[in-house]
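Structural characterization, general
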Amino acid sequence: MMNKNRARLLRPPSKMWLVLSAVLLLAGLGFLGAFGYAQYQYYKSGSLYTELRQVAVSAVSETEQTEQIDFTALQEINPDVAAWLEIPGLDLSLPVVQAQDNQTYLHRSFDGSESPAGCLFFAAPTGGDEELYRVIYGHNLHDGSMFSGLLNYRDEEFYREHPTFTLYTPEGAQTWRIFSCHAATDTEELYRTGRTEGAEYDAFLQELQAMSEYDTGVDLPAGARALTLSTCLTSYGSGLERFVVHAYREE
């Protein structure tokens, strides 16, 4: 009996077992390859935006600690450039493009190359006063880049320390004060741009402020120009779930 059992142990593996092992090995190699390629793409995207900051951002003076953006240099790389967004509390300093749709820059970097990080972009024009209310989209990525840091604004203490950000345009720098932060879905009314000034618009802004996860205490002026920053609620794909930060322009 012992000899028979030993003989079974010494038998070569069956063809089915060899095929299964080969399939598992190939699957593992495929996963590692895909993972490695994705990491390379993230690295490539990060390097590009680092280089863009070196090209586009320069100090006006060391004493004032203010900055200016070289939009001429940016336009030579991508004529769709519309603004440059800086949120110091998040260490975020990135270009914002304006396309005619909301898909072009989802997986395309600022220079037009394929990228899982995409690019920050304004919502496509829909008519009306496009400057009155706008939306900027950006990915929430597991490596912490792009708009991932927006979720820090779920923490009220973080908000108190960083209540404003700067949006640079070819016309100059704009200061924006945050008045509301909350979870949302991408089917909500807040994603409709192209609004017109009036009582209905003011009621809309008040509604956005009422949605906030905490009271920002901001006195929101009537007819204010408003901007929404939007990203996915998680970095692993959250369906329709989003996190949004609303701000108004300080004149």
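Here goes a summary of the coordinates provided. (Residues numbered from 1 in each chain as written. Predicted model: local features only at pLDDT ≥ 70, side-chain atom pairs only at ≥ 80, totals over all residues. Heavy atoms only, no water.)

Let's talk about the overall build of the chain
Test applied: Elements are defined by DSSP. Helices are runs of H or I of four residues or more, strands are runs of E of two residues or more, and each kind is numbered from the N terminus. Buried means the residue's accessible area, taken with a 1.4 Å probe over protein chains only, is under 20% of the maximum for its type, while exposed means over 50%, and partly exposed covers the values in between. The contact definition used throughout considers only heavy atoms, calling two residues in contact when any of these lie within 4.5 Å. Residue exposure ignores everything except the shown protein chains as possible cover, and the areas themselves are Shrake-Rupley values with a 1.4 Å probe.
For the chain, the count of helices and strands is five helices and ten strands. Considering the chain as a whole, with its 251 residues, one finds that 41% of them fall into the buried category. Restricting the contact set of the chain to residue pairs at least 6 apart, pairs at least 24 apart contribute 62%. Total accessible area on the chain is roughly 14000 Å²; 54% of this is exposed by carbon and sulfur atoms.

Thoughts on the sheet that holds strand E7 (residues 164-169)
The condition that has to hold: Strand pairing follows a simple DSSP-based rule, namely that at least 2 bridges must link the two strands. In this analysis, axes come from line fits to C-alpha atoms, helices being fitted only over the stretch in contact, and the angle between any two N-to-C directions falls in the range 0 to 180 degrees.
One closed barrel accounts for eight strands, arranged E3-E4-E5-E6-E9-E10-E8-E7; its pairing is mixed. Each neighbouring strand pair of the sheet contributes to a mean axis angle of 30°, computed without reference to strand direction. In this structure, strand E3 (residues 81-87) lies alongside strand E4 (residues 92-98), joined through six bridges in antiparallel fashion. What sits directly across from Ile87, in E4, is Leu92.

Here's the deal with the packing of aromatic side chains
Stated precisely, the cut-off is as follows: For this analysis, a ring pair means two rings from Phe, Tyr or Trp (six-membered ring only for Trp) whose centres lie within 6.5 Å, classed as stacked if their planes differ by under 30 degrees, edge-to-face if by over 60, and tilted for the remaining angles.
Applying the stated rule across the entire model yields six aromatic pairs. Taken together, a centroid distance of 5.7 Å and an interplanar angle of 45° make the contact between Tyr159 and Tyr214 tilted. Remark: Tyr214 occurs in the loop between helix H5 (199-210) and strand E9 (226-232) and Tyr159 occurs in helix H4 (residues 156-161); sequence separation between them is 55 residues. Across the pair, Tyr214 and Tyr159 agree in class, each one buried. Where Tyr201 meets Phe204, the ring centres are 6.4 Å apart and the plane angle is 35°; that geometry is what we call tilted. You can see Tyr201 and its partner Phe204 sitting in helix H5, three residues apart, about one turn around the helix. Judged by its relative accessible area of 2%, Tyr201 falls in the buried class. The exposure class assigned to Phe204 is buried, which follows from its relative accessible area of 7%.

Examining the nonpolar core
Nonpolar side chains in soluble globular proteins tend to be buried together. Put simply, the rule is: By nonpolar core we mean a set of buried residues, namely Ala, Val, Leu, Ile, Met, Phe, Trp, Tyr and Cys, connected to one another through side-chain atoms within 4.5 Å.
Leu85, Tyr153 and Leu229 are the most contacted members of the largest nonpolar core, which totals 66 residues. In this structure, Tyr153 is in contact with Ile87, Leu90, Phe158, Tyr159, His162, Ile178, Cys181, Tyr214, Phe243 and Val245, ignoring residues within four places of it in sequence.

Considering the pairing of E9
Most of E9 is tucked away: six of the seven residues are buried. Here five bridges tie strand E6 (residues 133-137) to E9, and the two strands are oriented parallel to one another. Across the sheet, the residue bridging to Ile136 is Leu229, located in E9. Of the pairings in the sheet, the one linking E9 to strand E10 (residues 241-250) comprises seven bridges and is antiparallel in character. Within the sheet, the bridge partner assigned to Leu229 lies in E10 and is Val245.

What about the side chain of Ser93?
We apply this condition: In protein, a polar contact means a hydrogen-donor-capable atom and an acceptor-capable atom, both N or O and within 3.5 Å, with residues adjacent in sequence counting only if both atoms are side-chain atoms; elsewhere, any N or O pair within 3.5 Å suffices.
Residue placement: Ser93 occurs in strand E4. In this structure the side chain of Ser93 is engaged in a polar contact, spanning 2.8 Å, whose partner is the side chain of Trp84. A polar side-chain atom of Ser93 sits 3.4 Å from a polar atom in the side chain of Glu86. Sequence-distant contacts of Ser93, defined by excluding residues within four places in its chain, comprise Arg53, Val57, Trp84, Leu85 and Glu86.

Some points on unusual backbone geometry
For Asp91, which is not glycine, the phi torsion reads 55° and is therefore positive. Here Asp91 is to be found in the loop between E3 and E4.

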